[in-house]
Amino acid sequence: LRRQARERREYLQRRAKEQQQQRQRERRESLKRALDENRLLPTELRHEALALQKELEFDFQAPGETGDSQDDEYRWAGLEPPKVMVTTSRDPSARLRLFAKELCLLLPGARRMNRGRAELGALVAACRAAGVTDLLVLHETRGRPDGLTVSHLPHGPTAHFTLSGAVLRQEVGGLGGAPLAAPHLLLLRLDSTLGKRVGTILKHLFPVPRADSRRVVTFANEDDVILVRWVTHGGHGDTDRPPPRACLTPPPHRNHVYRRRGRTVELEEVGPRFQLRPYLIRLGTLEQGDAADVEWRWHPYTATAPKRRLLSAT
């Protein structure tokens, strides 16, 4: 417990320092834009304009540094494969249990755990002790999966998604075996600040793939709804490289297998089918609940809500 408290304090200190550096960087960029465009300085920068101008002389960005990291929890991601645990809400239906099994097929190396009567605090503590990096909790309403919570351990963040359009593999019918290799990932139209944040949370659920992997998982944003597409390619010829993006645009709400037949590509559905829509991101872990700071929340009841696109820049 003392070690967890110490790690939590160090993490919060790093985040506070990072946020302070980000605010200072934004002030310098605002001053630089005003000087380049030869316009009046912003009112909030006039008292510190000279000090900021001196900092601009030594302001540079290291190669590979993005400058917009909101969380250092993913700094060392990729060095080791993630350990993902999938569980459900209490007293799950048979359909939800089966959907949890199929979600483990989508995430290589993921394991499913029976929830039983365990509370969230005990569940998260057990996952921390076992070295689990991400905890996924599935929710349902009257036997229909309708929610997914992704909590990154040990300190967060926690993302809440609305899950819709869930169709199981056995309901699709006529599907072959599910490949278990680590997939290549495509994040389509997740180019806004929020879209990149959601993409970072989702992509670190998967291990780093091998160069010759013939499996592709696509998270495609369409009107702020993320369509999950599962594609595996095989066949003959130059199949050791990932396929072109043109092959990764099957009809919506589908996961497909596609195989090369000479110069043609044949699509075959893999499943399961489902869609995700984020509505809440907290900076803490799952058991903290409302005590954790809210990083972003979806506000549907505003005048501009139908006009906005949150996950894409355009």
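Residues numbered from 1 in each chain as written. Predicted model: local features only at pLDDT ≥ 70, side-chain atom pairs only at ≥ 80, totals over all residues. Heavy atoms only, no water.

A. How the structure looks around the side chain of serine 151. Residue placement: serine 151 occurs in strand E4 (residues 144–152). Judged by relative accessible area, serine 151 falls into the buried class, the value being 0%. Here the side chain of serine 151 touches threonine 158 through a polar contact of 3.1 Å, side chain to side chain. For serine 151, the residues in contact, after removing those within four places along its chain, are Thr133, Asp134, Leu135, Pro157, Thr158, Thr285 and Leu286. (Helix = DSSP H or I, 4+ residues; strand = E, 2+ residues; numbered from the N terminus. Buried < 20%, exposed > 50% of the residue type's maximum accessible area, 1.4 Å probe, protein only. Polar contact = N/O pair within 3.5 Å; in protein donor to acceptor, adjacent residues only side chain to side chain. Contact = heavy atoms within 4.5 Å.)

B. Representation of the pairing of strand E5 (residues 158–167) within the structure. Judged from the 5 bridges that link them, E4 and E5 form a sheet pairing that is antiparallel. Counted as the bridge partner of serine 151 is threonine 158 from E5. Linking E4 to E5, which pair antiparallel, is a turn of 5 residues; within it glycine 156 sits at a positive phi near 115°. (Pairing = 2+ DSSP bridges.)

C. Here's a closer look at helix H3 (residues 94–106). The end-to-end C-alpha separation of H3 is 19 Å, in line with the 18 Å expected for 13 residues at 1.5 Å each. Burial in H3 covers these residues: Leu96, Phe99, Ala100, Glu102, Leu103, Cys104 and Leu106. (Expected span 1.5 Å × (residues − 1).)

D. How the structure looks around helix H4 (residues 120–129). Within H4, the full set of buried residues consists of Leu123, Val124 and Cys127. Take H4 and look down its axis: the buried residues cluster within an arc of 90°, on one side only. Buried residues belonging to H4 abut strand E1 (84–88) and strand E3 (134–141). One or two residues past the end of H4 sits glycine 131, with phi positive at roughly 80°. (Arc of directions from axis to C-beta.)

E. The pattern of salt bridges, seen in detail. Tallied over the full model, the rule gives 8 salt bridges. A salt bridge links glutamate 222 to arginine 189; the shortest N-O distance between them is 4.0 Å. Taken together, the positions of glutamate 222 in strand E7 (residues 215–222) and arginine 189 in the loop between strand E6 (184–188) and helix H6 (193–203) put the pair 33 residues apart, joining distant regions of the chain. Residue arginine 189 is classed as partly exposed on the basis of its relative accessible area, which comes to 42%. Two residues, glutamate 295 and arginine 197, come together in a salt bridge whose shortest N-O distance is 2.9 Å. Separated by 98 residues along the polypeptide, glutamate 295 in strand E12 (residues 294–297) and arginine 197 in helix H6 bring together distant segments of the chain. (Salt bridge = Lys/Arg side-chain N within 4 Å of Asp/Glu carboxyl O.)

F. The arrangement of the layout of surface pockets in detail. If you add up the space inside the largest pocket, you get close to 960 Å³. Lining the largest pocket are 36 residues, and of these Glu73, Thr133, His152, Leu153 and Pro154 sit closest to its centre. Looking at the lining of the largest pocket, the elements that each hand over two or more residues are helix H1 (2–37) and H4. Class assignment of the residues belonging to the lining of the largest pocket gives a composition of 16 nonpolar, 8 polar and 12 charged. Counting residues domain by domain, the lining of the largest pocket receives three or more from each of domain 1 (1–57) and domain 2 (84–223 + 272–297). (1 Å grid on protein atoms, 1.4 Å probe; cavity = no way out; pocket = protein on both sides within 12 Å on 5 of 7 lines; lining within 4 Å. Points joined across faces, edges and corners; volume = space filled by probe spheres on them. Nonpolar A, V, L, I, M, F, W, Y, C, P; charged D, E, K, R; others polar. Domains from an automatic or database assignment.)

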